[in-house]
Amino acid sequence: MKHWIPVLLVTVSASSAFASEDLRGETFCFPAKDVPKLVSELAEVDEDRRDIVDVRLQPRFIIKDDGIWPERFYLAKDGELVTDIPFSRETGATPTFLESAKARPDTDICVDDPTRADRPADDEGLYFEMGLSPLFHNESGTYSLDELKEGAKDGKKFYKKMLPGVVAMLMPDTDYFAVKMVVRDAVPTVAALTERGQTPLTLEPVKDMWIVSLDDIKDLDATGMTITGGAYELQPVPSPKTLRQFGWGDATDEK
């Protein structure tokens, strides 16, 4: 399992037991024991931190390369099948995944995906999303400044719960906001609400997200923010520089 630190998503990645160091291989796996541990840690976040943002645990496959679905999704122990895990070949949803992983933490979670066998181990054409990101409940397109401030503060609590104790102490502030469009190629328009009307905000692309700074909104003496351009999800995140430093984004040499 590939963890970005701080964890936004959990993605399936190549296991040395099933693939070479450089290629995915026809089968790749990750330890089941990590899944119930993460879910348990997230459950400890206080309710008063969940009124603005919260995680939505909806594990699913996402196809990003216009390819096909994997052949099989299952639990295995020492390379032997333990439990098949069904998934939708329309939405990628895996409704029994969490229950299955919790029941057998001693296994590996494996994917048979031969059409992508020759790709690099970190290829994301087939993506497995756990739903660990703290997302804003509000999807109306309009956010007050107080709502954004509280969401940024509460989002940090979720990320810290997913990190080891010492690392969690070093978790940076999540005072940026990532807009992720439901339609992959769509581009959002994000503006600050000021006394002079709407002022466009600078967006920085990182992977499939568009990121805006809370400080930019404050600097305009804005009362809030608007998002237009289509359906989206909004989550508090650290700075784009931090995201790239920990492997989430293009291989940019940040100074």
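Note on numbering: residues in each chain are counted from 1, in written sequence order. Only residues with pLDDT of at least 70 are given local features in this predicted model, and only at 80 or more are side-chain atom pairs given and counted; all residues enter the totals for whole chains, interfaces and linings. In computing side-chain values, all of the structure's heavy atoms are included and hydrogens and water are not.

Let's shift gears to the overall build of the chain. A tally of helices and strands in the chain yields six helices and 18 strands. When each of the 255 residues of the chain is scored for burial, the buried share is 49%. Any two residues having at least one pair of non-hydrogen atoms within 4.5 Å are treated as being in contact. Long-range contacts, defined here as pairs at least 24 residues apart, represent 75% of the contacts in the chain between residues at least 6 apart. Only the protein chains shown count as cover for residues, and all accessible areas are computed by the Shrake-Rupley method using a 1.4 Å probe. Of the roughly 12700 Å² of accessible surface on the chain, a fraction of 49% belongs to carbon and sulfur atoms. Secondary structure elements follow DSSP: runs of H or I of four or more residues count as helices, runs of E of two or more count as strands, with numbering from the N terminus. When a residue's accessible area, from a 1.4 Å probe over protein chains only, is under 20% of the maximum for its type it is buried; when over 50% it is exposed; and in between it is partly exposed.

Before going further, it helps to spend a moment on unusual backbone geometry. Positive phi values are uncommon outside glycine, yet Asp 66 reaches one of about 65 degrees. By the secondary structure assignment, Asp 66 is in the loop between strand E5 (60–63) and strand E6 (72–77). On the accessibility criterion, Asp 66 (71% relative accessible area) is exposed.

So, on to the sheet that holds strand E12 (residues 176–181). Backbone hydrogen bonds are what pair the strands of a sheet, in a parallel or an antiparallel way. Strands are labelled as partners when DSSP assigns at least two bridges between them. Within the open sheet, the four strands sit side by side as E15-E16-E12-E18. Their pairing is antiparallel. Two strands in the sheet have a free side with no partner beyond their single neighbour: strand E15 (204–206) and strand E18 (232–237). Looking at each pair of strands side by side, their axes are set apart by 30 degrees on average, direction ignored. With three bridges joining them, E15 and strand E16 (residues 209–213) adopt antiparallel strand pairing. Across the sheet, the residue bridging to Pro 205 is Trp 210, located in E16. Running at roughly 70 degrees to E18, helix H3 (residues 145–161) makes contact with E12 and E18 of the sheet. Lines fitted to the C-alpha atoms define the axes, with helices restricted to the stretch that makes contact. Angles between their N-to-C directions range from 0 to 180 degrees.

Strands sit in the order E3-E8-E6-E7 across an open sheet of four strands; the sheet is antiparallel. Edge positions in the sheet fall to strand E3 (27–31) and strand E7 (80–84), since each has one partner strand and no second. The average undirected angle you get between the axes of adjacent strands in this sheet is 35 degrees. As judged from the five bridges shared by E6 and strand E8 (residues 108–112), these two strands associate in the antiparallel manner. Looking across to E8, one finds that Tyr 74 is bridged to Cys 110.

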